[in-house]
Amino acid sequence: MIQESFHGLTAKEQRQKQVVYGENTIEVEVKSYWRLFIEEVMNPFYVFQIASITLWLCDQYYYYAACILFISLVSVGISLYETKRQSVVLHDMVTTKAQTIGVCRGEEIYEEVPTGNLVPGDVITIPQHGCVMTCDAVLITGTCIVNESMLTGESVPVTKTPLTPQEDEEVFSPDVHKRHTLFSGTHILQTRFYGNSKVKAVVVRTGFRTAKGELVRAILFPKPLDFKFYRDAMKFILFLGCMAALGMTYSIIVYVKQGVYPMRILVRVLDIITIIVPPALPAAMTVGTVFAQSRLKKKGIYCISPPRINFCGRLDVFCFDKTGTLTEDGLDMWGVLPIEDQGFCGAVEDPSRLEVGPFITCMATCHSLTMIDGELSGDPLDLIMFNSTKWVLDEPGRDTSKFDTIMPTVVRPCTKDTFSSPENPFEVGIIRQFTFSSSVQRMSVITRTLSEDGMEVYCKGAPEKIASLCLQDTVPHEFQDILHRYTIQGYRVIAVAYKKLDPKLTWHQAQRISRDKVEFDMNFLGMIVLQNKLKQKTKPVIHKLKEAKLRTVMVTGDMIQTAISVARNCGMVPPKDRVIIVEASPPDAHNPASIKWVTAETPDEGTDQYTDSDYTEDVHLDLDNPHKMQNFHFAVSGHSFGVLTTHFPEYIPRVVVKGTVFARMSPDQKLQLIEDLQNIGYNVGMCGDGANDCEALKAAHAGISLSEAEASVAAPFTSRIPNIECVLQAMREGRAALVTSFGCFKYMALYSFIQFVSVLILYTFDANLADMQFLYVDLVITTSVAVLMGYSSSYDKLVPQRPPGSLVKPSNLLSIISQVLLVIVFQIAAFLYLHFQPWYKPVKKDLNADNTYCWETSVIFLVSTYQYIASAFVFSKGPPFRQPIYKNVPFLLTLCVLFAFSTYMLMLPFSPILKFFAVMPLGERTVEFRSVLLALSVGFIFAACLLEYLIMDVKCTQKCLESCSNCCGQGNNKDHYKEIQNEIQLSDWPPVGQVTYAALNEPHIQIEEDFFRSQGEILVN
């Protein structure tokens, strides 16, 4: 028992525990620039850079080495600044200002101590004016109004109530008892206490063990992202390394034959590595992500994990929460259905017109609303319900004599007709709250009405749950039919009940009694019907996702019939498709666990009735097999999902493949569903409001929280766009970023091969590129092109086609290899054309130094510059994932300027420029010679474009490559979920109208005879 066991620690006990638990601080270390510099330089990328620079200095490439060193230092400086800035931002976000708090030392003795000294077991007092929590603590007296937006992204204030003695008998869990737990990082807005007692809490977790600490750890040490693109990139770099080994072997053979000195051979051979494996490759691959993150930020979508942007480009399924995500946050009061003479008396649109009685009193009292700065705050549903009564809520005041010296919240009608008399008004005091819990699907309050004996308990919650807690003779016999009629149309239905408590129950007993001692044998009062409208953008966005062949799934805590209706209304379930409800039951004393496969009804449009035609036209029956239905969707409740997980794990893959509606799901079950989808090969996105979806949002490949809190750590993405349109934005930018990463990688690979081929040709004739030529290619051409390639924004439309996910798929490899072959052909052609010129004289061999000023070098350099430009153009793809290349004005201008400059050097040679780049005097040669070289270069550009756009991108070529891949046995790595889809398509599963038992796992024939009779035949086994 917490109240009995924890009266506070002595100062000595606190110091002893501090040795074990450490300080109660969440410190994100902000490292010094010097330490960051050392760690950054130790990165393999920069180690490779340092080795390369050392090699170039040994090879007397001073200008080139100096420029690369300068750029590397600038890059390191920017990286250090950005790392430091992010550390400071995170440090400021998680660090709480130093403060003191009252700690109980036993026997009502309190001492102010720094919050950093708190340890588990300390009893602390929560200041009346509020504070920011620095530890996780469970309330034992008083109540608190808390803003938890820092952790959940949900800005609605939450009421925290004290842990009751009965609940103390359970093992405390912050997840199970979160309504009683004050979490670190949350802001206490207001406290409420009785008499002179203090609001007290017992510290349960400190430092990085708190909920806030776990989130910070998740940011500092994120879950590794297993993305095929990154794995393939490493494989391809390994392949480039193998190519470098071949080039090194060839160079050694050539130089040994030429009698070159060993030291020079070593330098030349090592230089091959720096050419074939470009040091700038890792940086070039992140360019697309950086630009995409910047564009998302401008659109109000913030990303704290940039690598996740590429994941957005490969999503197969997107899960959505319902309330606040697909539908409006606020609900509209449709009306109430009160009970009269053991039956529903009809809908009442304005609840305020009801006579004062248990029904309207329940609506006015059964909530967790509170006044903050003079404004009523709390759950949107509670606000709608209370405001519809037109009653008045008063917070505790000084006049406490009317309620036995306690300080309750008081509600009363505001119209004069409902007052009994000025001396004796009708007022109800809320004595105790049992807050809403998704596990019990209800909330209740204990109240006392002024001038009446005894107390009452009022309860509201899920209709089926409330009905089970009521006396059955008070529940109308048409309860299920009425409930079904409204939920199937998408209305949110809440049931209400009450009962009078024993008059002998005192206030102190009411504070200690457990909810299960009062929430039974209640009187059913009726139902509240609320309308939860779809957000304006929901239907168009779902339609666009469906057009793009993206699967959509609803994961909600609402009733299954309501969820099915919303799924139909928003387009997740097309009009002609059938919904099958999976009703799983756990084993009992007489029967094993079972699954019943039941078809859901569809209301006739505009009415509450069902017709035979509507019921049957959506079902597509196979005449040879009446069980077989095409285009069906599963709807599963959280209860059934739990039974499936425990007793039918073999059905989970099939259910999640065909499941579109998952209702009454707890936060843990939402997380489990995401993981189940990932386990069968789906790339999963999740969009929610951040409140009950935190775990699922963080587990998904791309989790988007709809929140106005930019600093929320509830999900990798936080959108200030208040609807699911942000999903389209994130996916379009993800696809653009992924295609850009592919394009940059392919360009950098081809750039390496172009330079590799150039150098090997020149090595063969004891020549090499000059210092300035290397500089021009690596810095002016490659760097500017690689950076600006990622500047292309995303395409306006989401298309069914997915971006490629693998670098080593046959189409990509063939594309690069074919371009490399073109490069070899045109460079050799240019060299042969030079070789057959009558004035050509081979370069004189120099065993001590490279020949960089010769015709071989000049021709190969000039022709290769066009090849770099052509490669950038060819691999910068536009639609269907990015805007056309002509819309990327900086990139296109750069290509034009580079092309013009190369042409100027070739056709209008200016002597100072030629000398600067160590190019032979082209002006001394004929225009015909230069024109042929230009024609060869332009020919390469046309050939490269023809090869990539008219051959490689044609569907016929891609299908041929896929067929070849399948023949070679490489096409069998199909995603598991596709295999499951094919199995379902070819089988007679699911057995609709039957019951599957866990014991035998064989269908037991309990046919929905009415359904099959309507089809003209009855299935008999």
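Up top is the structure.
**A few points about the overall build of the protein**
At step 1: Check the secondary structure of the protein and you find 35 helices and 35 strands.
At step 2: Put simply, of all contacts in the protein between residues at least 6 apart along the chain, 72% involve residues at least 24 apart.
At step 3: Total accessible area computed for the protein in this model is approximately 45,000 Å², and 58% of it derives from carbon and sulfur atoms.

**Overview of the pairing of strand S25 (residues 578–585)**
At step 1: Buried residues dominate S25, accounting for six of its eight residues.
At step 2: Summarising the sheet, S25 and strand S29 (residues 632–637) pair through five bridges and their orientation is parallel. Considered in S29, the bridge of Ile 581 is made with Ala 635.
At step 3: Across six bridges, S25 lies against strand S26 (residues 594–599) in antiparallel orientation. When the bridges of S26 are listed, Ile 580 appears paired with Thr 599.

**So, the environment of Arg 308**
At step 1: Checked against the element boundaries, Arg 308 lands in helix H13 (residues 307–312).
At step 2: Taking the relative accessible area as the measure of exposure, Arg 308 reaches 8% and is therefore buried.
At step 3: In this structure the C-alpha to C-alpha distance between Arg 308 and Phe 717, which are 409 residues apart in sequence, comes to 8.7 Å.

**Some points on the packing of aromatic side chains**
Both the distance between ring centres and the angle between the ring planes are used here to describe each pair of aromatic rings.
At step 1: Throughout the structure, instances matching the rule amount to 34 aromatic pairs.
At step 2: With centroids separated by 5.6 Å and ring planes inclined at 20°, the aromatic side chains of Tyr 458 and Tyr 498 adopt a geometry described as stacked. Of this pair, Tyr 458 sits in strand S21 (residues 456–461) while Tyr 498 sits in strand S22 (residues 491–500); the two residues are 40 residues apart in sequence, bridging distant segments of the chain.
At step 3: Residue classification places Tyr 458 among the buried residues on the basis of a relative accessible area of 4%.
At step 4: Centroid distance Tyr 486 to Tyr 491: 5.9 Å. Interplanar angle 65°. Geometry classified as edge-to-face. Comparing Tyr 486 with Tyr 491 shows no difference in burial state: the two are buried.
At step 5: Geometry around Tyr 33 places Lys 84 over its ring, the cationic atom sitting 4.9 Å from the centre.
At step 6: Here Lys 658 stacks its cationic end above the ring of Phe 632, 4.7 Å away from the centre of that ring.

**Notes on the pairing of strand S13 (residues 332–340)**
At step 1: One ladder, built from six bridges, connects S13 with strand S23 (residues 523–531); its direction is antiparallel. Looking at S23, one finds that Val 336 is bridged to Ile 528.
At step 2: Pairing between S13 and strand S14 (residues 343–344): two bridges, direction antiparallel. Residue pairing across strands places Ile 339 opposite Phe 344, the latter belonging to S14.

**Looking at the sheet that holds strand S6 (residues 143–147)**
At step 1: One open sheet holds the four strands; their spatial order is S4-S9-S6-S7, and the pairing between them is antiparallel. What marks the edges here is a single partner per strand, and that holds for strand S4 (131–132) and strand S7 (158–160).
At step 2: In the sheet, S6 pairs with S7 via three bridges, with the strands oriented antiparallel. Paired with Val 146 across the bridge in S7 is Val 158.

Thresholds, definitions, all that
- Residues numbered from 1 in each chain as written.
- Predicted model: local features only at pLDDT ≥ 70, side-chain atom pairs only at ≥ 80, totals over all residues.
- Heavy atoms only, no water.
- Helix = DSSP H or I, 4+ residues; strand = E, 2+ residues; numbered from the N terminus.
- Contact = heavy atoms within 4.5 Å.
- Areas by Shrake-Rupley, 256 points an atom, 1.4 Å probe, with all protein chains shown as cover.
- Buried < 20%, exposed > 50% of the residue type's maximum accessible area, 1.4 Å probe, protein only.
- Pairing = 2+ DSSP bridges.
- Phe/Tyr/Trp six-rings, centres within 6.5 Å; stacked < 30°, edge-to-face > 60°.
- Lys NZ or Arg CZ within 6 Å of the ring centre and 35° of its normal.

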